[in-house]
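Each chain, written out:
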Amino acid sequence: RILGISLIALLLFTAYSQNEFEEELEAETEMETESESLSESLRDKYVEKLFGLLNDLIKCHQSGAFKPQKATKKKWHFLKGWGNDVGVSPYGSIWVIGTDWRVHKYVGRQRWRRISGGGKRITVDHHNFPWLTNHAHHIYQYHRRWLRKSGAARDIGFGGGRIWVIGMPKAHGGYGIYKYLGNNRWWRAPGAAVDIAVDPKGNPWVVNNAHHIYRFDGRRWHKMSGAALDIGVGPKGDVWVIGTDHKVHKFLGGNRWTHKYGGAGKRIAVGPNGPVVIGTNRGVYWLHKQLNYFFSWEIK
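I will try to describe carefully the structure that is included in this document. (Residues numbered from 1 in each chain as written. Predicted model: local features only at pLDDT ≥ 70, side-chain atom pairs only at ≥ 80, totals over all residues. Heavy atoms only, no water.)

Another point: unusual backbone geometry. The backbone of Asn183 sits at a positive phi, close to 55 degrees, despite the residue not being glycine. Structurally, the position occupied by Asn183 is in the loop between strand 11 (174-182) and strand 12 (185-193). For Asn184, which is not glycine, the phi torsion reads 60 degrees and is therefore positive. Relative to the helices and strands, Asn184 is located in the loop between strand 11 and strand 12. (Helix = DSSP H or I, 4+ residues; strand = E, 2+ residues; numbered from the N terminus.)

Set out below in structure tokens:
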């Protein structure tokens, strides 16, 4: 029984502290490395919470009927920020081009930190560092300072360790599509588009100037169902778009899309915990999954 209660306590503690823990960790640490040990004080705080919850559950079990229930929800959260574009790293680091066209990083607890520099379109790599294009279409990578890359671009995306851009040369469907090869070298792919995102395999998904959606498999393009204004692909391969109706849609495969999560916007990026959008009012919104555990008892 004690083992069973302990497991329940662990689940309850995880659900109870998930959001608070993530926010405090983001606020106390920099997300510029993939792994960083927690401070001793933060661990002690949550261990104390766990044992307190376990003690309450044991008393609950001894004194009354215990009926745990679980509810899973996805809800849009306003991050108290405003922007013109958004990028999310494979590890969840959120960056935006603000309405002031400056670069801002989300540091948790609905707080933002302004970074030097500015731009027009942004993406974030697997080191949690942003890449951007500015109004002059110059391409920059941030690594504690901005480093200019060769080439010029209108949009930029990262996935699977690869940077892809929508370049400058006009072509049928929009503008040329390029993959960064490193050392300031680029390879031009066939086709043309106006917006781009990159999947976990390093292959781009694009939207052209007719709002058609295409996926590249490394050799040729495949036209997908639906129509979009912007597109985002997460590190788990989930594809989301801002539809031509400005609503947020998730790709289910085949010809199926869903709008069951609600939401509307202008720009979209997808991280490991779901999409982040620039809303129609320029607000920054995050569709975050929450786990809520409910339990009830009657003291006898």
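Over the atoms rolls a probe the size of a water molecule, and its path tells where empty space is left. Its boundaries defined by the atoms lining it, the second largest pocket holds a volume of some 310 Å³. Mapped onto the lining of the second largest pocket, the elements with two or more residues apiece are strand 1 (67-88), strand 5 (121-124), strand 9 (155-159), strand 13 (195-198), strand 16 (221-233) and strand 20 (267-271). Among the elements that make up the lining of the second largest pocket, the one with the highest residue count is strand 9 (5 residues). (1 Å grid on protein atoms, 1.4 Å probe; cavity = no way out; pocket = protein on both sides within 12 Å on 5 of 7 lines; lining within 4 Å. Points joined across faces, edges and corners; volume = space filled by probe spheres on them.)

To continue, consider the packing of aromatic side chains. Per the stated rule, a full pass over the model turns up 14 aromatic pairs. Aromatic pair Phe78 and Trp82: ring centres 5.3 Å apart, planes at 65 degrees, arrangement edge-to-face. Its relative accessible area of 43% is what places Trp82 among the partly exposed residues. Between Trp240 and Tyr261, the aromatic rings sit 5.6 Å apart at their centres with planes inclined by 45 degrees, giving tilted as the arrangement. Of this pair, Trp240 sits in strand 17 (residues 239-243) while Tyr261 sits in the loop between strand 19 (256-258) and strand 20; the two residues are 21 residues apart in sequence, bridging distant segments of the chain. Under the relative-accessibility criterion, Trp240 is labelled buried at 2%. (Phe/Tyr/Trp six-rings, centres within 6.5 Å; stacked < 30°, edge-to-face > 60°. Buried < 20%, exposed > 50% of the residue type's maximum accessible area, 1.4 Å probe, protein only.)

A separate point is the side chain of Thr123. For Thr123, the position within the fold is in strand 5. Those residues in contact with Thr123 that lie beyond four places of it in its chain are Gly87, Phe129, Pro130, Trp131, Ile156, Gly157, Phe158 and Ile163. (Contact = heavy atoms within 4.5 Å.)

The strand order across the open sheet formed by 4 strands is 5-6-7-8, and the pairing between neighbours is antiparallel. Each of the sheet's edge strands pairs with one partner strand only, and the pair in question is strand 5 and strand 8 (146-152). Going from strand to strand, the sheet's axes swing by 20 degrees on average, the running direction of each strand aside. With 3 bridges connecting them, strand 6 (residues 130-133) and strand 7 (residues 138-142) associate as antiparallel partners. From the neighbouring strand, Thr133 faces strand 7, where its bridge partner is Ile139. (Pairing = 2+ DSSP bridges. Axes fitted to C-alpha atoms, helices over the stretch in contact; angles between N-to-C directions.)

On to the pairing of strand 12, then. Pairing of strand 11 with strand 12 involves 7 bridges; the strand directions are antiparallel. When the bridges of strand 12 are listed, Lys179 appears paired with Trp187. Linkage of strand 11 to strand 12, two consecutive antiparallel strands, is achieved through a turn of 2 residues, within which Asn183 is found at a positive phi near 55 degrees.

Here 7 strands make up an open sheet; going across it, the order is 13-14-15-16-17-18-19 and the pairing antiparallel. The sheet terminates laterally at strand 13 and strand 19, the two strands that pair on one side only. Ignoring strand direction, the axes of neighbouring strands in this sheet form an average angle of 45 degrees.

A separate point is the pairing of strand 18 (residues 248-253). Of the strand pairs in this sheet, strand 17 and strand 18 are connected by 3 bridges, and their pairing is antiparallel. Its bridge partner lying in strand 18, Trp240 is registered against Lys250. Counting the residues in the hairpin turn of strand 17 and strand 18 gives 4 residues, including His246, whose phi is positive at 70 degrees. Where strand 18 folds back on strand 19, the antiparallel hairpin that results is connected by 2 residues, among which Gly254 adopts a positive phi of roughly 65 degrees.

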